[in-house]
Amino acid sequence: MIAVQHAVDPLSVPSDAPEHCPGTESELAGKTEACAGCANQDICASGQTKGPDPALPFVRERMSNVKRKVLVLSGKGGVGKSTFTAQLGWAFSADDSVQTGIMDVDICGPSIPTILGIASEQVHASSSGWSPVYVQDNLGVMSVGFMLPSSKDAIMWRGPKKNGLISQFLKDVDWGDLDYLLVDTPPGTSDEHLSIVQYLKESGIDGAVVITTPQEVALQDVRREIDFCRKVGIRVLGVVENMSGFVCPSCKTESQIFKPSTGGAKRMAAEMGVDYLGAVPLDPRIGKSADYGVSFLDEYPDSPASAAYMDIIDKIKQILGE
Amino acid sequence: MAAIETPVAKRLKTIKHVIIVCSGKGGVGKSSVSVQLALSLYASSPIARVGILDVDLTGPSIPRMLGLDGRGVLQSSEGWVPVYADGSETRLGCMSVGFLLKRREDSVVWRGPKKNAMIRQFLSDVRWGELDYLVIDTPPGTSDEHLSLLEHMAPVHSRLSAVIVTTPQAVALMDAMKCLSFTRTVNLPVLGLIENMSGYVCPCCGEVSNVFSTGGGQEMARQEGLTFLGSLPVDTELVTLLDAAEAAMPEQAADEPPRRTERTFRLIDQYQQTSSSKLFKPIVERLINALAGGGVGGDETVQA
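Residues numbered from 1 in each chain as written. Chains lettered and ligands numbered in written order. Predicted model: local features only at pLDDT ≥ 70, side-chain atom pairs only at ≥ 80, totals over all residues. Heavy atoms only, no water.

S.K.: Any details on the side chain of Gln87 of chain A? Residues and values, ideally.
M.R.: Tracing the chain through its elements places Gln87 of chain A in helix H3 (residues 81-93). Excluding anything up to four places from it in sequence, Gln87 of chain A contacts Ser295, Phe296, Leu297, Tyr309 and Ile313 of chain A. (Helix = DSSP H or I, 4+ residues; strand = E, 2+ residues; numbered from the N terminus. Contact = heavy atoms within 4.5 Å.)

This is the structure we're talking about:
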């Protein structure tokens, strides 16, 4: 039987390395068969690469003003990462004294600008770096969506270019003093995830919130995401089950659109040994609010979904030690 | 075209049509549409041979949906043997990175170059044999996997086409537009657009709720001159069928463990009883027609 090999430390493989790169920090760097022909073989063999990435000191300097860094992850797409990130941002910034930043590292499908209602904005550069786009005084946002000539344009980039942009987001954006930096990620466990973890390794990531939907197909991907967090040493703050149950607006009966055929997120969290933060019901108005770029929590504060959101957000605050 | 004889070209020689299922956004139902497409093509004729290739390397869902979780890939002298969903009939082959993982919760943490290599292997090393259709399920976005696919399949470009899947919300449509821009840039003909998760029928009172709004896909197809292939509502029956593919197994295993083939026929039988399969049938008919050279009917496929 053929099986996938996991021998190297995924964090030390550069984004543009040959297929079987042993990782630049490995003892074998520059010396294995796979290194033959790599343009950087001599550099690896000389031992220079055991030192840190030159961007890291700059990232560290910027990030020294950020108190807490939280990733929003999920293995699967379309489960509500961006919507949740936006709600989290809005909820944190409801307190005037709290400064929050949202960084969208989904390079190929940036949704954050639309969800926050700032899709037509652009990024301005100043002597202190790129200024984030502000939704309100204390909520700054950075996304590749602000840099495209039109929302129809696709970014067809391979890994190394995406990583370059992520490092710029971290070192060149003038975030100012932040209490929270929320990072919205694309689905999967690939370049963007490795890069963000690599660049923030020194400054420290406070944890990751993992979003899922109740069906097994999504949970499968989420287990992989939690496995990823363990491999790279990120603390999982907890799992949120989104789109959990749907209340018919006509007869008020609750039904399960995405049936938790294997016990849902709650059981998965228990099996994986991570905290379960709660479930948010599927409410069509959440998607509508996202399309129109308004805060669901502000528009429908009395809905059950809002209550669920607030409960989860309070738990996250508590875990982060507020 | 024949001048370039890469291993991929050689391997894909015996494949008549390659359909790439894509969407800019995640979770809109690419995998479930791919599976439905494969099942419907399989059922379209008693001799149709279909392959389904899952290039979503960091989140493979196809094995689960076909009830093939936990199966492994075997090496033969002619290459990797796909996992056949219909057992001994071998008309529905499947290949996914999910079959290569030791434990199903193992994550594949790969950067671009390794993904590229895996895709190349999938295309050059899998012994598909004669196929009428190869359905390729892609991950969300327009990045490494997509570029690699197109690059490696360049020698068979004339046999490639794409189906775009979206949900009706604005956020998903925006990403679908990006996907469309991608297909135009790489000169990939688009067979049409499918709107998924368009409405949900309450099992209690039958009221249709537009959970993720509605009509957006049709509107986009109209504006962009694409063929609108149809809209599929949220079908809980289908979600359950594709999700709990495993749940059907123990019952079967208790009865007669060795009869694996029976079970997969059950998947297709069960599928054909869902309401989605009835909605999908005309979509597939149009696709088969279009691939046979008849056009999709109405608007032609997109020009570059």
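S.K.: Mind laying out the UniProt feature "binding site: [4Fe-4S] cluster 1" (unreviewed entry) in chain A, listing which residues take part and the relevant values?
M.R.: Residues and elements named next belong to chain A. When the UniProt feature table is mapped to this numbering, "binding site: [4Fe-4S] cluster 1" (unreviewed entry) covers Cys21, Cys35, Cys38 and Cys44. The named residues occupy 24 residues along the chain; their greatest pairwise C-alpha distance, 10.8 Å, places them in one compact cluster. None of the other annotated residues line the largest pocket; only Cys21, Cys35, Cys38 and Cys44 do. Position of Cys21 among the secondary structure elements: in the segment before helix H1 (41-46). On the secondary structure map, Cys38 appears in the segment before H1. (UniProt positions renumbered as here; feature names shortened; annotations may be inferred. 1 Å grid on protein atoms, 1.4 Å probe; cavity = no way out; pocket = protein on both sides within 12 Å on 5 of 7 lines; lining within 4 Å.)

S.K.: Tell me about the UniProt feature "binding site: [4Fe-4S] cluster" (unreviewed entry) in chain B, and please be specific about residues and values.
M.R.: As recorded in UniProt, the feature "binding site: [4Fe-4S] cluster" (unreviewed entry) lies at Cys202 and Cys205 of chain B. Those residues within four positions of Cys202 of chain B in sequence are excluded, and the remaining contacts are Cys248 and Cys251 of chain A together with Glu207 of chain B. Looking at the secondary structure, you find Cys205 of chain B in the loop between strand E10 (200-201) and strand E11 (208-209). You can call Cys205 of chain B partly exposed: its relative accessible area is 35%. Here Cys205 of chain B is in contact with Cys248, Ser250 and Cys251 of chain A, once residues within four sequence places are set aside. (Buried < 20%, exposed > 50% of the residue type's maximum accessible area, 1.4 Å probe, protein only.)

S.K.: An account of the UniProt feature "binding site: [4Fe-4S] cluster 2" (unreviewed entry) in chain A is needed here, citing residue identities and associated values.
M.R.: Sequence positions flagged by UniProt for "binding site: [4Fe-4S] cluster 2" (unreviewed entry) are, in local numbering, Cys248 and Cys251 of chain A. Structurally, Cys248 of chain A is set in the loop between strand E10 (246-247) and strand E11 (254-255). A relative accessible area of 0% places Cys248 of chain A in the buried class. Setting aside anything within four residues of it in sequence, one finds Cys248 of chain A in contact with Thr253 of chain A together with Cys202, Cys205 and Glu207 of chain B. For Cys251 of chain A, the location among the structural elements is in the loop between E10 and E11. The class for Cys251 of chain A is partly exposed, based on a relative accessible area of 27%. Every residue in contact with Cys251 of chain A, bar those within four places of it in the chain, is listed here: Cys202, Cys204 and Cys205 of chain B.

S.K.: Let's hear about the sheet that holds strand E9 (residues 190-195) of chain B: which residues, and what values?
M.R.: All names here are of chain B. The strand order across the open sheet formed by eight strands is E5-E6-E2-E7-E1-E8-E9-E12, and the pairing between neighbours is mixed. Both outer strands of the open sheet, strand E5 (83-84) and strand E12 (228-231), are each paired with one neighbouring strand and no more. Note: strand E8 (residues 160-166) against E9, five bridges, orientation parallel. Opposite Val163, over in E9, you have Gly192 as the bridge partner. (Pairing = 2+ DSSP bridges.)

S.K.: Any chance you could break down the UniProt feature "binding site: ATP" (unreviewed entry) in chain B for me, citing the residues and the numbers?
M.R.: Residues and elements named next belong to chain B. Those places that UniProt annotates as "binding site: ATP" (unreviewed entry) correspond, in this numbering, to Gly24, Lys25, Gly26, Gly27, Val28, Gly29, Lys30 and Ser31. Those residues in contact with Gly24 that lie beyond four places of it in its chain are Pro140, Gly141, Asp175, Ala176 and Cys179. Judged by its relative accessible area of 12%, Ser31 falls in the buried class. Beyond its immediate sequence surroundings of up to four residues, Ser31 is in contact with Ser61, Ile62, Met65 and Asp137.

S.K.: Can you tell me about the interface of chain B and chain A, naming the residues and giving the values?
M.R.: If you look at the interface, chain B gives 72 residues, while chain A gives 70 residues. Summed over both partners, the interface of chain B with chain A comes to about 6,000 Å²; 57% of that surface belongs to carbon and sulfur atoms. Looking at the side of chain B facing chain A, the largest losses of area belong to Val109, Arg111 and Lys178 of chain B, adding up to 13% of the total buried there. Arg64 of chain B is the salt-bridge partner of Glu216 of chain A, the closest N and O atoms lying 3.9 Å from each other. Put simply, chain B and chain A have 30 residue pairs in polar contact (both at pLDDT 80 or more) between them. When residues of the side of chain B that touches chain A are traced back to their parent elements, those giving at least two are helix H3 (62-65), helix H4 (112-125), helix H5 (144-152), helix H6 (170-185) and helix H8 (236-243) of chain B. In terms of residue count, H6 of chain B provides more of the side of chain B that touches chain A than any other element does, nine residues in total. Among the residues forming the side of chain B that touches chain A, the class breakdown is 32 nonpolar, 21 polar and 19 charged. (Buried area = accessible area lost by both parts, 1.4 Å probe. Salt bridge = Lys/Arg side-chain N within 4 Å of Asp/Glu carboxyl O. Polar contact = N/O pair within 3.5 Å; in protein donor to acceptor, adjacent residues only side chain to side chain. Nonpolar A, V, L, I, M, F, W, Y, C, P; charged D, E, K, R; others polar.)

S.K.: I'd like a rundown of the domain arrangement of chain A, residues and numbers included.
M.R.: All names here are of chain A. Its domain assignment divides chain A into domain 1 (10-50) and domain 2 (56-319). Just the C-alpha atoms count here: the centres of domain 1 and domain 2 sit 33 Å apart. The interface of domain 1 with domain 2 comprises six residues on the first partner and nine residues on the second. Counting the surface lost from both domain 1 and domain 2, the interface buries some 570 Å², and carbon and sulfur atoms represent 66% of this. Remark: the boundary between domain 1 and domain 2 carries zero salt bridges. The interface formed by domain 1 and domain 2 holds zero residue pairs in polar contact (both at pLDDT 80 or more) in total. Classifying every residue of the side of domain 1 that touches domain 2 gives three nonpolar, two polar and one charged. (Domains from an automatic or database assignment.)

S.K.: Account for the sheet that holds strand E1 (residues 66-73) of chain A, naming residues and giving values.
M.R.: Residue and element names in this part refer to chain A. Spatial strand order, E5-E6-E2-E7-E1-E8-E9-E12: eight strands in an open sheet with mixed pairing. Edge positions in the sheet fall to strand E5 (133-136) and strand E12 (276-279), since each of these pairs with one other strand and no more. Ignoring which end each strand starts from, the neighbouring axes of this sheet average 20 degrees apart. Here strand E9 (residues 236-241) runs beside E12; their pairing, made up of three bridges, is parallel. By the bridge assignment, Val240 is partnered in E12 with Gly278. (Axes fitted to C-alpha atoms, helices over the stretch in contact; angles between N-to-C directions.)

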